[in-house]
Amino acid sequence: MSFLTPWFLAGALAIAGPILFHLIRRSARERQHFSSLLFLTPTPPRTVRRRKLEHLLLLCLRCLCLLLLAAAFARPFLAKDMPAPAASDSGRQVVLLLDTSASMRRPGFWDKARSVANQYLTQFGPADTVAIMAFDREPRPLVSFSEWSSWPLGQRAELARARLAAISPGWLGTALGLALTTAADQFRSGAGPNPPVAHREVVLISDLQEGAQLEGLQGHDWPADTRVRVERVEGPPQSNAGLEILEPAGTAGPENNIRVRVTNSRDSRKDKLQLNWRDKPGGPMEVYVPPGQTRTFPAPKPPAGMATGVLELTGDDVNFDNLSYFAAPAVENVKIACLGTETAQDAAGLLYYLTRVFPQTPRRKVQFASLGTNAASATDLLNRASFAFLPGPLTPEQCAEVRAWLKNGQTALLVLTNIQSSPTLAALLDLPQVNVSEASADYALLGEIDFRHPLFAPFDDPRFNDFTHIHFWKHRRLEIPGGVKSLALAKFDDGSPALTQITIGQGTLLVLAAGWNPAESQLAVSSKFPPLMETILEWTGGGVPARRQFHTGDTIPSPNSPATTVEWQKPDGTNTSLPAGTPFPDTDTPGIYHAVADGKIFSFAVNLRLEESRLAPLSADELARLGVPLGTSGDQTVAPKIERQRQLQRAELESRQKLWRWLIVAALAITFGEVLLSGSLSRQVAAQKAIP
Amino acid sequence: MNSFGDLGLVDAKALMAIRTLELRARVIVEGFWSGLHRSPFHGFSVEFTEYRPYSPGEDTRYLDWRLLARSDRYYLKKFEDETNLRCQLLVDQSRSMNYRSLAYSKSDYARTFAATLAWFLHEQGDAVGLFTFDEQVRDYFPPRHRKGHLRQIMLALEREPSGRSTDLVAPLRRVAEMSRKRGLIVLLSDLLVPIAPLEQALVRLAAAGNEIVVFQVLDPSELSFPFDRAMLFRDVENQQDFYIDPVAVRAEYQRRMEAHRESAEGVCRKVGAAFYRITTDHPMDLALRDFLRARSRRGRMVRRRTQPVSAP
């Protein structure tokens with residue numbers, strides 16, 4: 001038997017009343033008024049009998065009447081006709097989401113987080129399905145729903161604890177938005193043939209720092225009936241500031257300023273901080289950053305020629321983010337080999353314009369080398385260059401050397417300035433002949449350009465893609481034989497290719513069918529010429545200055561080197577060999593990383609993200625504002641439907657059975673009997689009281 | 001009717017069923033008269049009022065000065081003392097008098113008996129007064145012989161008593177102060193008080209020359225103490241509770257009650273008062289007869305003062 005309103009059963013406590021009244025009435029009834037006690041002496045009372053309850057039947061009737069009334073008000077019903085519970089017994093689906101970002105490295109935080117997670121693990125019932133995820137820069141699953149379900153019932157919590165014990169906070173940032181949306185998506189992937197669950201809950205165990213990235217939360221489509229419960233890991237209030245060395249624009253050294261960005265957390269109570277190069281001479285530099293602000297300062301002057309260094313921040317309470325590593329940027333020397341007879345001083349030639357189109361920057365120096373200078377042979381010249389410029393006909397020996405160089409994966413640009421370049425092209429392609437003829441038209445314009453190709457992709461914008469005003473007074477018609485792997489990147493309006501990409505071995509030969517000198521065309525004086533040449537140089541891989549400052553989790557591009565493998569060394573001393581050109585992904589620790597290629601050492605600095613230093617607590621309202629369904633599964637909004645439905649079923653069953661009526665009838669019958677019995681007893685008492 | 005009915009007496013229970021107090025008194029007195037062919041007290045209160053010539057030596061206080069002024073003759077005017085008996089009825093109306101084991105209480109009985117006496121004496125032409133008291137004096141009617149006066153007494157006796165405790169000393173002292181003339185004083189009370197104060201009060205009344213008759217009115221259960229179960233007994237006057245096992249204390253109670261009666265009777269004898277104990281199941285005719293018998297026995301003993309008839 002069940003009760004619709006069981007709290008009315010507390011009314012059964014009222015039976016204490018009749019019991020009390022029976023005791024009280026007994027003493028009251030046995031009192032006799034008498035005219036005077038002048039001649040009477042008291043006798044000691046015999047208390048044994050007074051403790052007994054008399055009229056037990058009457059008392060039982062009264063108590064039974066009260067019990068029946070209480071039971072009737074509690075509205076009993078027989079639950080055997082109740083439909084079988086559906087969803088509510090199928091348990092909960094819970095995703096435990098643990099923050100393992102660098103801010104959780106603060107003392108005590110990770111222990112608390114793991115303790116909270118363990119508490120949750122002990123609370124889960126056999127019907128609950130649990131997934132555990134850790135997140136920092138990106139979420140990673142520790143235990144999936146299916147894995148949890150496959151574990152034996154009694155060992156689930158222990159196995160999950162073992163997984164938790166194996167992880168610890170790293171040095172990465174906090175991508176909270178990505179983690180929450182990924183956790184919520186677990187419910188979608190876990191749905192399907194399984195029975196519907198009563199509650200879906202994401203338990204976020206995190207320090208909820210202000211620097212967490214919340215991208216992706218706004219507008220996210222949360223699964224139905226999903227709630228996010230926030231278990232905030234907190235510690236004593238502490239002041240914290242962080243720093244980040246900015247990528248220098250030029251080479252490091254006394255003449256270049258290294259700038260450092262310092263941020264002070266919003267809840268910080270200290271605003272005077274010190275910056276100092278670790279293990280380097282020189283006193284600390286004091287900076288002032290008010291709480292909640294970020295300011296940029298020139299770093300303390302480093303020693304001359306310092307390749308790597310560690311800048312240390314002091315003055316705050318939290319230490320995990322007080323070091324910033326620095327690797328001095330190297331100058332990118334780009335060498336372009338020029339084969340041919342042209343000189344850079346000949347204004348009618350091509351080289352004159354080419355040498356002037358690449359600006360000399362502090363991070364990149366472009367050098368042109370020709371056979372006339374100090375190169376013994378073309379091969380020697382080419383091996384020291386990253387790009388070759390071929391302005392005119394070459395000797396057959398040079399052609400052979402260039403072809404061999406190209407086959408190793410290099411790039412060269414051949415400009416067909418006249419039809420005499422035809423044998424050179426044929427030799428480079430290792431063909432007996434390539435048809436190159438002088439075009440007869442007055443001038444030609446570029447008619448068709450493949451903007452999807454990386455060379456022209458930067459121009460793929462309506463503002464930049466107009467090449468039609470560039471006149472080509474002379475150009476050559478090139479006919480590539482069928483067996484050659486080539487791609488026409490741009491064509492003249494007569495249909496002949498203007499710029500053609502030809503693959504030779506692993507290398508690439510770009511063939512331009514007209515010169516850019518004023519006698520040939522307006523290309524050199526066009527605004528398109530510098531970006532096009534820059535793009536070609538970058539495409540060859542030699543033009544981009546290499547970054548030296550990275551964040552944890554970033555991939556470090558492989559340094560430019562003719563070597564086939566690059567040996568990477570992490571700050572902890574572990575070495576990894578990767579093929580040349582493969583970026584290094586394993587930047588999980590701040591520090592100085594070294595790449596050794598072809599005997600040269602390239603140093604890179606990997607630092608913590610500055611956002612991770614903003615430790616002020618993030619308000620839960622901010623999450624709610626972004627649409628995160630905060631709350632617990634126990635409240636009315638999470639699983640109200642099933643409980644309401646069950647309540648309605650109970651009410652309907654109770655109203656159909658109406659057992660309370662029978663209880664009321666029984667109570668009335670007992671009351672009637674009680675009246676009769678008590679009347680009879682009172683008459684007896686009155687008769688006893690009458691004086692015989 | 002009980003056994004007393006066979007003797008031609010009115011049963012107390014039947015009598016108390018009559019609602020009006022005056023009617024009850026009349027029933028008793030008339031029944032009493034019809035049983036008497038010749039009253040030994042006939043002419044007991046013959047009154048005469050006359051003028052007679054003044055003789056020298058007589059008290060001049062009774063000289064009729066008006067007649068003297070009008071006719072220049074000396075006549076003595078007889079003092080207007082209508083009766084030769086002044087009876088003061090003292091009725092105890094304390095809370096203990098409300099006790100009952102019958103259908104009526106001691107107070108009902110005592111008031112009925114007082115009304116009967118008043119009626120009887122009034123019929124004889126005697127002056128009757130009433131004095132009700134509990135711990136203090138409640139009603140006071142001086143002895144007079146008037147039709148309306150009897151009526152007032154009846155009404156006063158009709159009122160239910162509302163007293164608490166019994167204090168005989170103060171009310172009886174008050175009676176002695178207020179009754180300047182000697183007469184008959186009839187005290188109706190259960191006398192459930194200590195003897196010493198009672199004696200003190202009676203002595204004071206007797207010293208004033210009054211003739212005293214004491215009726216101790218008790219409930220039958222106060223004599224027999226018929227309770228059989230141990231329980232709390234509450235004194236109706238001072239609300240004191242005693243847990244009493246009646247079986248154990250009954251004999252002692254009756255002994256003390258008898259001792260108390262003897263003491264009270266001794267005190268009455270000492271002061272020359274008549275003492276009668278009546279219970280509420282006792283026929284009132286007998287009580288009245290006892291009263292008259294006491295009156296006749298003590299008739300010669302009472303020093304009756306006649307008004308001086310002396311010339312100035």
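Residues numbered from 1 in each chain as written. Chains lettered and ligands numbered in written order. Predicted model: local features only at pLDDT ≥ 70, side-chain atom pairs only at ≥ 80, totals over all residues.

(A) The arrangement of the sheet that holds strand S12 (residues 285-288) of chain A in detail. Residue and element names in this part refer to chain A. Strand order in the open sheet formed by four strands is S12-S11-S14-S15, with antiparallel pairing between adjacent strands. Each edge of the sheet is formed by a strand with only one pairing partner; in this case those strands are S12 and strand S15 (323-327). The sheet shows a mean angle of 25 degrees between the axes of neighbouring strands, direction not considered. Pairing analysis gives four bridges linking strand S11 (residues 272-277) to S12, with the strands arranged antiparallel. Across the sheet, residue Leu273 finds its bridge partner in S12, namely Val287. (Pairing = 2+ DSSP bridges. Helix = DSSP H or I, 4+ residues; strand = E, 2+ residues; numbered from the N terminus. Axes fitted to C-alpha atoms, helices over the stretch in contact; angles between N-to-C directions.)

(B) Summary view of the interface of chain B and chain A. Across the boundary between the two partners, chain B contributes 29 residues, which contact 17 residues of chain A. Listed by contribution, the elements that provide at least two residues to the side of chain B that touches chain A are helix H9 (220-224), strand S8 (231-235), strand S9 (241-244) and helix H10 (246-271) of chain B. With seven residues, H10 of chain B is the largest single contributor of residues to the side of chain B that touches chain A. Split by residue class, the side of chain B that touches chain A holds 15 nonpolar, five polar and nine charged. With four bridges joining them, strand S2 (residues 31-34) of chain A and S8 of chain B adopt parallel strand pairing. Looking at S8 of chain B, one finds that Phe34 of chain A is bridged to Asp235 of chain B. (Contact = placed C-beta atoms within 7 Å. Nonpolar A, V, L, I, M, F, W, Y, C, P; charged D, E, K, R; others polar.)

(C) Representation of the confidence of the model for chain A in the model. Residue and element names in this part refer to chain A. Per-chain confidence: chain A averages 84 in pLDDT, with 89% of residues scoring 70 or above. The secondary-structure element of chain A with the lowest mean pLDDT is helix H2 (residues 47-50), recorded at 47, while strand S24 (residues 497-504) shows the highest, at 93. Of the regions scoring below 50 in pLDDT, residues 633-638 engages in twelve contacts with residues more than four places distant in sequence or in other chains. (pLDDT = per-residue confidence, 0-100.)

(D) Main features of the sheet that holds strand S5 (residues 129-135) of chain A. Residue and element names in this part refer to chain A. Here we have five strands laid out as an open sheet, ordered S6-S5-S4-S7-S8, and mixed in their pairing. Only two strands of the sheet have a single partner each, and these edge strands are strand S6 (139-143) and strand S8 (226-232). On average, each strand axis in the sheet is tilted by 25 degrees relative to the strand beside it, whichever way the strands run. With four bridges connecting them, S5 and S6 associate as antiparallel partners. Along S6, the bridge assignment pairs Ile132 with Val143.

(E) Up close: the nonpolar core. Of all hydrophobic cores here, the largest spans 61 residues; its most connected members are Leu89, Ala114, Ala118, Val186 and Leu188 of chain B. Take this core: its biggest share by element is ten residues, from helix H5 (residues 106-123) of chain B. Contacts of Ala114 of chain B, omitting those with residues within four sequence positions, involve Leu89, Val91, Leu157 and Leu188 of chain B. Residues Ala337, Trp405, Ala490 and Leu532 of chain A belong to the second largest nonpolar core, which totals 59 residues. (Core = buried A, V, L, I, M, F, W, Y, C linked by C-beta atoms within 7 Å. Buried ≥ 20, exposed ≤ 12 C-beta atoms within 10 Å, placed from the backbone.)

(F) Spatial organisation of the packing of helix H4 (residues 109-123) of chain A against helix H6 (residues 156-165) of chain A. All names here are of chain A. It is at 10 Å that the axes of H4 and H6 come closest, and there the two elements cross at 165 degrees. Relative to H6, H4 is oriented roughly antiparallel. Classified by chirality, the crossing of H6 by H4 is right-handed. Of H6, the residues touching H4 (which contributes Arg114, Ala117, Asn118, Leu121 and Thr122) are Ala157, Ala160, Arg161 and Leu164. Taken together, the residues of the contact of H4 with H6 sort by class into five nonpolar, two polar and two charged. (Parallel < 35°, antiparallel > 145°, perpendicular 65-115°, else oblique. Left-handed = near helix turned anticlockwise from the far one by under 90°.)

(G) Spotlight on the environment of Asp108 of chain B. Position of Asp108 of chain B among the secondary structure elements: in helix H5. Spatially, the C-alpha atoms of Asp108 of chain B and Gln93 of chain B are 9.7 Å apart, while their sequence positions differ by 15 residues.

(H) Representation of the packing of helix H7 (residues 169-178) of chain B against helix H8 (residues 195-207) of chain B within the structure. Residue and element names in this part refer to chain B. Closest axis-to-axis distance for the H7/H8 pair is 9 Å, and the angle between their directions is 5 degrees. The angle between H7 and H8 places the two elements in the roughly parallel class. Residues Val169, Leu172, Arg173, Val175 and Ala176 of H7 lie in contact with H8, whose contacting residues are Pro197, Gln200, Ala201, Arg204 and Leu205. A per-class count over the contact of H7 with H8 returns seven nonpolar, one polar and two charged.

(I) View of the pairing of strand S7 (residues 199-206) of chain A. Residue and element names in this part refer to chain A. The buried fraction of S7 is high, at eight of eight residues. Here seven bridges tie strand S4 (residues 92-99) to S7, and the two strands are oriented parallel to one another. Counted as the bridge partner of Gln93 is Arg200 from S7. Where S7 meets S8, seven bridges bridge the pair, whose relative direction is parallel. By the bridge assignment for S8, Val203 is matched with Arg229.

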